[in-house]
Amino acid sequence: QVLLVESGGGLVQAGGSLRLSCVASGRTFSSYVMGWFRQAPGKEREFVAGIRWSGGSTAYADSVKGRFTISRDNAKNTVYLQMNSLKREDTAIYYCATKAGGIIATAQYDYWGQGTQVTVSS
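Residues numbered from 1 in each chain as written. Predicted model: local features only at pLDDT ≥ 70, side-chain atom pairs only at ≥ 80, totals over all residues. Heavy atoms only, no water.

Asker: I'd love a proper account of the overall build of the chain, names of residues and values included.
Answerer: If you tally the helices and strands in the chain, you get zero helices and eleven strands. Helices and strands in the chain line up, N terminus first, as β-β-β-β-β-β-β-β-β-β-β. At 13 Å, the chain has a C-alpha radius of gyration in line with the 14 Å of a compact globule built from 122 residues. With respect to the three principal axes, the spread of C-alpha positions in the chain is 40 × 25 × 25 Å. A burial count over the chain gives 44% of its 122 residues as buried. A fraction of 58% describes how many contacts in the chain between residues 6 or more apart in sequence connect residues 24 or more apart. Positive and negative charge centroids in the chain, built from 13 and 8 side chains respectively, lie 4 Å apart. (Helix = DSSP H or I, 4+ residues; strand = E, 2+ residues; numbered from the N terminus. Rg over C-alpha atoms; globule rule 2.2 N^0.38 Å. Buried < 20%, exposed > 50% of the residue type's maximum accessible area, 1.4 Å probe, protein only. Contact = heavy atoms within 4.5 Å. Lys, Arg positive; Asp, Glu negative; His and termini not counted. Charge placed at Lys NZ, Arg CZ, Asp CG, Glu CD.)

Here you go:
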């Protein structure tokens, strides 16, 4: 089993920044893939960004490219999502997820965190 705990959400004005963190514990391996997803009210959950623990290759949704950056700290088993130039449409619950390898930018992940709310005001 893998336990994921997100933090860092909150209320921010449009144009501002937030950094989300996701701490992983339990059964984690260097081959794992970590992803960030989000779900806005009335919408389906969507992929935001992902990274491989080993090698650090990344993938981003087109809607966040150039504004969001995913990174990891292997020693702390932590993945970050730095969100800059936030827009109202970024408002959503953000979830951290992980799986044992595979394609980064897909919806098929095995373990999920509880989510953290990000609200962007105008």
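That covers the picture; the talk isn't over yet.
Asker: Break down the nonpolar core for me, citing the residues and quoting the values.
Answerer: Soluble globular proteins tend to pack their nonpolar side chains together in the buried interior. Met34, Trp36, Val48, Phe68, Leu81, Met83 and Tyr94 are the most contacted members of the largest nonpolar core, which has 28 residues in total. Counting residues per element, the ones that place at least two in this core are β1 (2-7), β3 (18-26), β4 (33-39), β5 (46-52), β7 (68-73), β8 (78-83), β9 (92-99) and β11 (116-121). In terms of nonpolar packing, the next biggest core, distinct from the first, is built from seven residues, Val33, Phe47, Ala59 and Tyr109 among them. (Core = buried A, V, L, I, M, F, W, Y, C linked by side-chain atoms within 4.5 Å.)

Asker: Which residues make up the side chain of threonine 106, and what values do they have?
Answerer: Mapped onto the elements, threonine 106 comes out in the loop between β9 and β10 (111-112). For threonine 106, the side chain forms a polar contact with the side chain of lysine 99, separated by 3.0 Å. Excluding its chain neighbours within four sequence positions, the residues that come into contact with threonine 106 are Phe37, Phe47 and Lys99. (Polar contact = N/O pair within 3.5 Å; in protein donor to acceptor, adjacent residues only side chain to side chain.)

Asker: Any chance you could break down the state of the cysteines for me, citing the residues and the numbers?
Answerer: Counted under the stated rule, the structure contains one disulfide. Between the sulfur atoms of cysteine 22 and its disulfide partner cysteine 96 the distance amounts to 2.0 Å. Taking the torsion about the S-S bond as the criterion, the cysteine 22 to cysteine 96 disulfide, at about -80°, is left-handed. Of the two residues, cysteine 22 sits in strand β3 while cysteine 96 sits in strand β9, which places them 74 residues apart along the sequence. In terms of burial, cysteine 22 and cysteine 96 fall into one category: buried. (Disulfide = S-S within 2.5 Å.)

Asker: Tell me about the sheet that holds β1, residues and numbers included.
Answerer: The strand order across the open sheet formed by four strands is β1-β3-β8-β7, and the pairing between neighbours is antiparallel. In this open sheet, the two edge strands, each paired with only one partner strand, are β1 and β7. The average angle at which neighbouring strand axes cross in this sheet is 20°, direction not considered. For β1 and β3, the ladder comprises six bridges, and the chain directions are antiparallel. The residue bridging leucine 3 from the neighbouring strand is serine 25, located in β3. (Pairing = 2+ DSSP bridges. Axes fitted to C-alpha atoms, helices over the stretch in contact; angles between N-to-C directions.)

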